Amino acid sequence: NLPPEEYEQSMELVQPSTDDDENDKWSSKHILAFRYVYIISSSSSTKQQHTIKNVSCHTFFHPVQYHGAFSCSDTLLTQIWMNSAYTLRLCMHQHFILDGIKRDRLPWTGDIALSLMVNAYCFKDKDVVRKSLVALCRGTFGGNGGVVDSENRNDLDDINGIVDYSLWWIIAEDLYQLYFSDMGHLTRQWVRIKNAMEILIQRCDDDDENDGMLLVDLDKQWLFIDWSDDVQKIVSLQILWWWAQVSGAALADRMKDSDTAKLWRSNANSLAQALYLNAWDDDLGVWRGLLEDNKGNDGTMKISRHANVLAIISGFTKSSGTTLSTTGIKTMLLRKDIPPVGTPYMKAFECMALCRLGETKESIC
């Protein structure tokens with residue numbers, strides 16, 4: 001409930017000092033990233049003209065070393081890698097991994113799930129990942145004290161206010177352990193992770209046909225998945241929910257909480273069976289939609305590029321209770337008539353999926 005001028009996105013200029021010799025100096029209220037700066041030297045309210053005598057910039061850089069490198073015969077591809085690593089370093093700022101360093105300058109869970117993997121290979125900086133994961137769960141799922149207050153709406157809200165980002169947070173916690181093996185962090189976070197899982201399980205459908213599917217009220221909750229409007233998102237959400245439960249079970253194994261691990265794996269298996277019965281197209285070998293409002297004009301269920309990407313990178317297609325061929329998914333991902341993903345964030349996951357399907361050339365073209 002802060003006023004707009006307090007937002008991280010604010011580009012407001014303020015006078016840092018009231019001293020006479022500093023009275024004519026202005027600076028941005030927040031640290032800003034920019035490529036170009038356009039300064040207007042007049043006030044629209046007072047019509048007063050100002051003379052700009054000098055413009056300076058203080059540089060802030062995250063103190064981290066490159067631990068990974070990439071080079072190949074394709075100089076453009078090598079430069080793309082370097083620019084990407086440099087961009088990530090710019091987004092590792094003030095102890096957090098931020099998204100949109102020139103725009104919103106905030107930590108977003110889905111982006112961190114991707115960034116932490118890149119960070120592991122490029123910079124091996126676990127502190128910036130750990131602090132980001134801790135900060136994101138504060139204020140929800142009992143994040144402030146580890147105890148969920150059912151009367152406190154914030155404790156029941158989703159991370160970043162987005163349904164699927166609560167799932168990405170659990171997935172990211174597991175990825176963090178995979179790459180950095182930080183049991184001290186997991187021990188501190190374990191109560192919050194269990195709180196999150198229990199709250200999410202309470203939202204699930206217990207109908208026999210839709211066993212374990214995560215329910216979402218699209219009028220009240222933000223289901224993001226990607227910046228794409230004309231795509232099917234419900235199956236993508238369920239696959240992420242499966243991945244989150246499997247990730248949670250892996251974390252429970254690390255904590256030697258065998259009962260919890262068994263329960264969450266059982267729930268994930270039930271969900272996989274329900275999805276296979278409701279959303280798998282045997283003829284095409286792809287994952288389709290679920291809901292009536294996601295049907296095409298011919299009454300058929302729409303194919304979801306996002307769901308198939310997530311099914312590959314999560315390992316879901318291999319764990320659906322049956323052996324599913326990925327040939328249809330590979331063919332579908334190479335088709336141009338299926339709506340594309342909407343962000344570089346999701347495009348990176350698509351490239352990852354294509355690589356795992358053996359389409360390494362297509363993944364970088």
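See the structure shown above.
Residues numbered from 1 in each chain as written. Predicted model: local features only at pLDDT ≥ 70, side-chain atom pairs only at ≥ 80, totals over all residues. Heavy atoms only, no water.

A. Main features of the overall build of the protein chain. Along the protein chain, the regular secondary structure elements total twelve helices and six strands. For the protein chain, buried positions account for 44% of its 365 residues. Surface exposure of the protein chain reaches about 20400 Å², of which carbon and sulfur atoms provide 50%. (Helix = DSSP H or I, 4+ residues; strand = E, 2+ residues; numbered from the N terminus. Buried < 20%, exposed > 50% of the residue type's maximum accessible area, 1.4 Å probe, protein only. Areas by Shrake-Rupley, 256 points an atom, 1.4 Å probe, with all protein chains shown as cover.)

B. Spatial organisation of the packing of helix 3 (residues 126-137) against helix 6 (residues 183-202). Put simply, helix 3 and helix 6 touch, their axes get as near as 11 Å, and they point 15° apart. In terms of orientation, helix 3 and helix 6 fall into the roughly parallel class. Seen along the crossing, helix 3 lies across helix 6 with a hand that is left-handed. Here helix 3 contributes R130, L133, V134 and C137 to the contact with helix 6, which in turn contributes H185, R188, Q189 and R192. (Axes fitted to C-alpha atoms, helices over the stretch in contact; angles between N-to-C directions. Parallel < 35°, antiparallel > 145°, perpendicular 65-115°, else oblique. Left-handed = near helix turned anticlockwise from the far one by under 90°. Contact = heavy atoms within 4.5 Å.)

C. The arrangement of the environment of R335 in detail. Counting through the fold element by element, R335 comes out in the loop between helix 10 (327-333) and helix 11 (344-356). A relative accessible area of 31% places R335 in the partly exposed class. Separated by 30 residues in the primary sequence, R335 and R305 have C-alpha atoms spaced 9.8 Å apart. When near neighbours in sequence (up to four residues on either side) are disregarded, R335 contacts I303 and R305.

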